[in-house]
Amino acid sequence: MAAIVGYGAYVPRYRIKVEEIARIWGKQAASISSGLYVFEKSVPGIDEDTATISVEAARRAVKHAKINPKEIGAIYVGSESHPYAVKPTATIVAEAIEATPELTAADYEFACKAGTAGMQNCIALVKSNMIKYGMAIGADVAQAAPGDALEYTAAAGGAAFIIGKEGIAEINDTISFTTDTPDFWRREGEPYPGHGERFTGEPAYFKHVMNAAKMLMEKLGTKPSDYDYAVFHQPNGKFPMRVAKKLGFEKKQIEDGLLCPIIGNTYSGSSMLGLAAVLDVAKAGSRIIVVSYGSGAGSDAFDITVTDKIEEYERQGIRKMLENKEYVDYATYMKLRREFE
Amino acid sequence: MGVARYWREIPARYNLIGKKCGVCGKVYFPPRIVCPKCRRKSIGKMEDYKLSGKGTVESFTVIRVPPPEFEGKSPYVMALIKMDEGCYLTGQIVDCSIDEVHIGMRVEACLRRIQEDGKRGAIYYGYKFRKAKE
Amino acid sequence: MREVAIIGIGMTKFGELWDKSFRELVAEAGIQAILDAGIEGEEIDALYLGGMSTGRFIGQEHVGPLAVEVAGLEDLHLPATRVEAACASGGVAMHQGFLAVASGMYDIVVVGGAEKMTDVVGGEATNILASAADREWESFFGVTFPGLYALMAKYHMHKYGTTQEQLAMVAVKNHYNGSMNPKAQFRRKISVEDVLKSPLVADPLHLLDCSPITDGAAAAILTPLDIAKKYTDKIVKIRASALACDTLSYHGRKRFDSLPAAVEAAKRAYKMAGIEPKDVDLAEVHDCFTIAEIIAIEDLGFVEKGKGGKATEEGLTALDGEIPVNTSGGLKAKGHPVGATGVAQINELVMQLRGEAGERQVKDATIGLAHNVGGSGGTAVIHILEAI
């Protein structure tokens, strides 16, 4: 068995509204917001990056899980905005939570699903008794070229999950669906990603998320109504709602985990923050399906059942954390993103 | 700045690990090599001691003309902070408006980027402070 | 221990001296002092030169021999030592010269101080000055030198009710004094309003609360008192030379409203001179920032702790006040070529005690005190001089 022992989430406190970005480029904010179902997005502080966000999430996870960080045997940080191209973010996290030196650590990259790929690895290491606890983090300070459609959603945030044998939520199973689909990329040395525009939809996001979800439910013999909560990767607010509908999930199953409309797409953090938000409110016995999506492309699907241990677990209150925010204008946004440096 | 100089301070810079005198019990941060009270008696008895990260602003200023490494980051608030363990340090206050900062404000440590060796060099992380939740 | 006197002084103009190199500045101040003392090169036994960061300002360390060379004294193979104590380098060089003469080791010693600060551009000077603070635990995190004094100012204001206007009055007074000093960098008078309207550098300190970036050099010639009579009848005696240190960092100190090293150096100096603060006729204090002068006059015992702002406002330290402070214009108006400052303070006191200060002459000045600080108070050096 493998279970979630603890989780921690972190989203920087700065926000920019879609209408502020639209104002700069002479676009109609209302149509963008309704088209994407995103109203504002998080912005990292000038001194924040994927490493500092990962550390915040990791420290919260350790604190709430009440474990000795020295017992963490593996740390994986999934991101597409690691501060270094070569030199791991994971070692910074390991040092900052005092998990060093007896552990393995590595950085993952698989667009927006690198964090859940890390979770799968931790599950495998725990199940095979190679480690007692593993930590998987998905975090990003997502890049978007000024003026690009991505600019309305590319956000900052991350979540950390500690995986062990027993915990607040058992991971019943996980499967993946993977193909070579170049819907979104960032070339080595380039500051901003490129994408296939509408190609990122049907043949990319929808195909992979739906196949992964169906495969998992087929394998376990479950149906959408068996789940109390569903979390699908959130590149915008619309896609997860549409994919839920197509798969036969109801709106109320995805509501609690849907953070994108108020924080944007936190890339590798996205589905993991969604899961964290669900664990904040779930009850013992609640069943959750989580399906991530990473461009390039692939989806990891997880079937999770919340245990009795959730009752004595001090939950973080992610939505409360999100209330502490400060809006910035576009020029400040560019300064915070260090675009002028 | 060479990377070794940064690297050797990582425990203190990331996790506020200072020193506690094994003789008199006084806690020091930044870490000290000898206890100025016990001096030779403290030699070999200065133990690692992790601060809680909580403290109080004793004085503060807004840096508007920054050193070259901090260009593009100003204005920012620097404060003299009394840690709950009784020692003092100098740190930046982040995540609140300048007007909010006041003497007596409770703060807690977080990890942030401090500076970097240009675009190609290493990134140096370390403690900064934000308004405490309590 | 022998009694020590100053028989000669020299100083360049202070300011942005674009056409003068470090070596020209050193030569000019040194030669002036030698001529003022009326000594021959062969009579000089040793040389001490204060310089804070020649290595970073002009990429030149090893400036002892450079000073010997520019004075044309290399054939004498003079022992020359460069002294470094940040902004107190000049004062500490004076202390070294004093010790060398007092001990009987040398009879005639040249003490110099020099800094060429404008050969670097932009924020580089700020960065070099920040190396006087604790690089690992202060500067690393982004606090600047004005930032450290701003922390002191805020602390003092919070604890004692010192006001921004009172800080500004220090600058106004020192600019007024500087207007009468031909060698001062700034000779224009300013108002409290000018100070408060100038841009903020590190709240609550405005640009006009800060001393400038300056080029300059100063020198003094020291001899045993009994030999001094041979050279001059305007003898100024060094009644005390005291040095004290503290932690390098501001946050490491026992007090934040005072520079404990300065308090201790003052205590030692008063004891050595056998005088009390009230016996001092005038003082040159280290006003690198306006708050520093307010804290200095408290630390020196001229006023009670916390009353420095009020005393300044009431004119205690004005040119016609009870204890005129920074008659030269201070670091604020005269300029602050860091390594030269401690020796420049001695220049001003000697001029005042000789009665040669012209327009800014303090009447019947007999005892003068110089207070020179390194960093945010890690080093403090105090000299008490007397006209005899």
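Starting from 1, residues in each chain are numbered consecutively following that chain's sequence as written. Here chains are named by letter from A upward and ligands by number from 1 upward, in the order in which they appear as written. Only residues with pLDDT of at least 70 get local features here, since the model is predicted, and only at 80 or more are side-chain atom pairs given and counted; chain-wide, interface and lining totals rely on the full set of residues. The side-chain values count all of the structure's non-hydrogen atoms but skip hydrogen atoms and water molecules.

(A) A look at the interface of chain B and chain C. Contact between two residues is taken to exist if any of their heavy atoms lie within 4.5 Å; hydrogens are not considered. Opposite the 36 residues of chain B that make contact, chain C presents 27 residues. As a working definition, buried area equals the accessible area (1.4 Å probe) given up by two parts on being put together, with both sides summed. Interface area, chain B with chain C, both sides summed: about 2,800 Å², of which 64% is carbon and sulfur. Here, a salt bridge means any Lys or Arg side-chain nitrogen found within 4 Å of an Asp or Glu carboxyl oxygen. For the pair chain B and chain C, the number of links is 3 salt bridges. Arginine 5 of chain B is the salt-bridge partner of glutamate 136 of chain C, the closest N and O atoms lying 3.0 Å from each other. Pairs of N or O atoms within 3.5 Å make up the polar contacts considered here, provided that, within protein, one atom can donate a hydrogen while the other can accept it, and that residues adjacent in sequence are counted only when both atoms are side-chain atoms. Our enumeration of links across chain B and chain C arrives at 12 residue pairs in polar contact (both at pLDDT 80 or more). Put simply, DSSP marks the helices as runs of H or I at least four residues long and the strands as runs of E at least two long, and each gets a number from the N terminus on. Breaking the side of chain B that touches chain C down by element, the ones donating at least two residues are α1 (3–7), α2 (10–15), β4 (54–63), β5 (76–83), β6 (88–93), β7 (106–116) and β8 (123–131) of chain B. In terms of residue count, the dominant contributor to the side of chain B that touches chain C is β4 of chain B (6 residues). Gly falls in the polar group here, along with every residue not listed as nonpolar (Ala, Val, Leu, Ile, Met, Phe, Trp, Tyr, Cys, Pro) or charged (Asp, Glu, Lys, Arg). The class makeup of the residues in the side of chain B that touches chain C is 24 nonpolar, 5 polar and 7 charged.

(B) Quick peek at the packing of aromatic side chains. Aromatic pairs are defined between Phe, Tyr and Trp rings, using the six-membered ring for Trp, whenever the two ring centres lie within 6.5 Å; interplanar angles under 30 degrees are classed as stacked, those over 60 as edge-to-face, and all others as tilted. This model, assessed by the stated rule, comprises 26 aromatic pairs over all chains. Ring centres of tyrosine 205 of chain A and tyrosine 293 of chain A lie 5.6 Å apart, and the angle between their planes is 75°; this geometry places the pair in the edge-to-face category. Of this pair, tyrosine 205 of chain A sits in helix α6 (residues 201–220) while tyrosine 293 of chain A sits in the loop between β12 (287–291) and β13 (296–306), placing them 88 residues apart in sequence. When its relative accessible area of 1% is taken as the criterion, tyrosine 205 of chain A is described as buried. The buried category is assigned to tyrosine 293 of chain A, whose relative accessible area is 4%. By way of ring pairs, the aromatic residues Tyr6, Phe29, Tyr124, Tyr127 and Phe129 of chain B together with Trp137, Phe140 and Phe141 of chain C are connected into one cluster. Working definition: with a 1.4 Å probe on protein chains only, accessible area under 20% of the residue-type maximum means buried, over 50% means exposed, and in between means partly exposed.

(C) Expanded view of unusual backbone geometry. With an omega of 5°, the peptide bond between glycine 296 of chain A and alanine 297 of chain A qualifies as cis. Tracing the sequence through the fold places alanine 297 of chain A in strand β13. In this model, serine 74 of chain B is joined to proline 75 of chain B through a cis peptide bond whose omega is -5°. Tracing the backbone shows proline 75 of chain B in the loop between β4 and β5. In this model, alanine 111 of chain A sits at a positive phi of 40°, which is unusual for a non-glycine residue. With respect to the element layout, alanine 111 of chain A can be found in the loop between β5 (104–108) and α5 (114–127). By relative accessible area, alanine 111 of chain A is classed as buried at 4%. Of note in the backbone geometry, histidine 77 of chain C takes a positive phi value of approximately 50° without being a glycine. Summarising the element assignment, histidine 77 of chain C is placed in the loop between α3 (63–70) and β3 (80–83). Judged by relative accessible area, which is 68%, histidine 77 of chain C ranks as exposed.

(D) Structural detail: the sheet that holds strand β3 (residues 46–50) of chain B. All names here are of chain B. A pair of strands counts as paired when DSSP detects no fewer than two bridges linking them. On the basis of which strands lie adjacent, the open sheet formed by 3 strands has the order β2-β1-β3 and antiparallel pairing. Looking at the sheet topology across the chains shown, the edges are occupied by β2 (27–28) and β3. Pairing analysis gives 2 bridges linking strand β1 (residues 17–21) to β2, with the strands arranged antiparallel. Opposite lysine 19, over in β2, you have tyrosine 28 as the bridge partner.

(E) Main features of the environment of arginine 2 of chain C. All names here are of chain C. Its place among the elements puts arginine 2 in the segment before β1 (4–11). Here arginine 2 falls in the partly exposed class, since its relative accessible area comes to 27%. Sequence separation between arginine 2 and glycine 104 is 102 residues, and the spatial gap between their C-alpha atoms is 6.8 Å. Residues contacting arginine 2, with those up to four places away along its chain left out, are Val101, Ala102, Gly104, Met105, Tyr106, Asp107 and Pro224. Within the structure, arginine 2 has its side chain in polar contact with the backbone oxygen of valine 101 (distance 3.1 Å). Engagement of the side chain of arginine 2 in a polar contact is seen with the backbone oxygen of tyrosine 106, the distance being 2.9 Å.

(F) Region of interest: the interface of chain B and chain A. Contact with chain B, which involves 24 residues of that partner, is made by 22 residues of chain A. Carbon and sulfur atoms supply 44% of the area buried between chain B and chain A, which totals about 2,000 Å² over both sides. The three residues of chain B that bury the most area against chain A are Asp95, Leu111 and Arg113 of chain B, which together make up 26% of that side's buried surface. For the pair chain B and chain A, the interface holds 7 salt bridges. In this assembly, chain B and chain A are joined by 16 residue pairs in polar contact (both at pLDDT 80 or more). When contributions to the side of chain B that touches chain A are tallied by element, the ones reaching two or more residues are α2, β7 and β8 of chain B. A breakdown of the residues in the side of chain B that touches chain A according to their chemical character gives 11 nonpolar, 4 polar and 9 charged.

(G) Spatial organisation of the pairing of strand β11 (residues 229–232) of chain A. All names here are of chain A. Burial along β11 is two-sided: the face carrying Tyr229 and Val231 and the face carrying Ala230 and Phe232 are both buried. When β11 meets β12, the two strands line up parallel, connected through 4 bridges. Considered in β12, the bridge of phenylalanine 232 is made with valine 291.

(H) Up close: the arrangement of the chains. Contacts are most numerous between chains B and C, taken over all 2 pairs of chains that touch. The closest approach of any C-alpha atom in chain A to one in chain C is 12 Å; the two make no contact.

(I) The arrangement of helix α10 (residues 270–279) of chain A in detail. The buried fraction of α10 of chain A amounts to 10 of the 10 residues, a majority that puts the element mostly inside the structure. Along α10 of chain A, the residues that are buried comprise Ser270, Ser271, Met272, Leu273, Gly274, Leu275, Ala276, Ala277, Val278 and Leu279 of chain A.

(J) Molecular detail of the nonpolar core. With 137 residues, the main nonpolar core has Ile75 and Met135 of chain A, Ile93 of chain B together with Tyr149 and Ile384 of chain C as its most contacted residues. A total of 9 residues in this core trace back to one element, the largest contributor, which is helix α6 (residues 145–160) of chain C. If we skip the residues at most four places from it in the chain, tyrosine 149 of chain C touches Leu205, Cys288, Phe289, Ile291, Ala292, Val373, Gly375, Ser376 and Gly377 of chain C. Ranked by size, the runner-up nonpolar core spans 42 residues in total, among them Ala74, Val126, Tyr313 and Ile318 of chain A. Residues enter a nonpolar core if they are buried and are Ala, Val, Leu, Ile, Met, Phe, Trp, Tyr or Cys, with the set joined through side-chain atoms within 4.5 Å.

(K) Fine view of the domain arrangement of chain C. All names here are of chain C. An automatic or database domain assignment provides the domain bounds reported here. Split by domain assignment, chain C resolves into domain 1 (4–122 + 214–228) and domain 2 (132–211 + 236–387). Centre-to-centre, using C-alpha coordinates, domain 1 lies 22 Å away from domain 2. Taking both partners together, domain 1 and domain 2 bury about 3,000 Å²; carbon and sulfur atoms supply 67% of that area. Our count for the domain 1 to domain 2 interface comes out at 1 salt bridge. Two residues, arginine 354 and aspartate 36, come together in a salt bridge whose shortest N-O distance is 2.9 Å. Linking domain 1 with domain 2 are 16 residue pairs in polar contact (both at pLDDT 80 or more). Secondary structure elements with two or more residues in the side of domain 1 that touches domain 2: β1, α1 (22–37), α2 (54–57), α4 (89–102), β4 (109–115) and β7 (216–224). At 8 residues, β1 tops the list of elements feeding residues into the side of domain 1 that touches domain 2.

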